Amino acid sequence: MTPNAVPAYSLYGEPALRNARPAYMAEGAKPAPPGGMPYEGHTRCMANEGTCQGHRAKGTDYCMGHLRQIAKEVKERDIESV
Ligand SMILES: [Zn+2]
């Protein structure tokens, strides 16, 4: 930085983004959740070899429907094994 250095935007009068607000200040915007944004790469249920079109329940690999089904199967298995 030299004493004569000027911000690039000053050459054009005023900052181009002078009136722009950062995205996080946009109306209706919410702060990012703790831990960053959730992974959005694969949000479909893993059941039926990934053919289920159900949306994954948060923090799981399955949709709510299959989670219930799996929970039921596990429960039945436990009962049988007792
Ligand atoms: Zn499913």
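Here, the structure is the one placed above.
Right, let's walk through the structure included here. Sequence order as written defines residue numbering, which begins from 1 separately in each chain. Reporting of local features is limited, given that this is a predicted model, to residues whose pLDDT is at least 70; pairs of side-chain atoms are given and counted only at 80 or more, and all residues count toward the totals for whole chains, interfaces and linings.

This part covers the overall build of the chain. Along its length, the chain carries two helices and zero strands. The buried share among the 82 residues of the chain stands at 4%. Residues are scored as being in contact if the C-beta atoms we place from backbone atoms lie within 7 Å. Long-range pairs, those at least 24 residues apart, make up 0% of the contacts in the chain with a sequence separation of at least 6. Elements are defined by DSSP. Helices are runs of H or I of four residues or more, strands are runs of E of two residues or more, and each kind is numbered from the N terminus. Remark: C-beta atoms are placed from the backbone, and a residue is labelled buried if 20 or more other C-beta atoms sit within 10 Å of its own, exposed if 12 or fewer do, or partly exposed between those counts.

Further remarks concern unusual backbone geometry. The backbone phi angle of Asn48 is positive, close to 55°, even though this residue is not glycine. With respect to the helices and strands, the residue Asn48 is situated in helix H1 (residues 47–50).

One less than the number of residues in a helix, times 1.5 Å, gives the span that helix is expected to have. The end-to-end C-alpha distance of helix H2 (residues 64–81) is 26 Å, a good match for the 26 Å that 18 residues give at a rise of 1.5 Å each. Among the 18 residues that make up H2, zero are buried, leaving the element largely open to the surroundings.

Let's shift gears to the environment of Ala57. Note on placement: Ala57 falls in the loop between H1 and H2. Considered as a pair, Ala57 and Leu67 are 10 residues apart in the sequence and their alpha carbons are 8.2 Å apart. Those residues within four positions of Ala57 in sequence are excluded, and the remaining contacts are Tyr62, Cys63, Met64 and Leu67.

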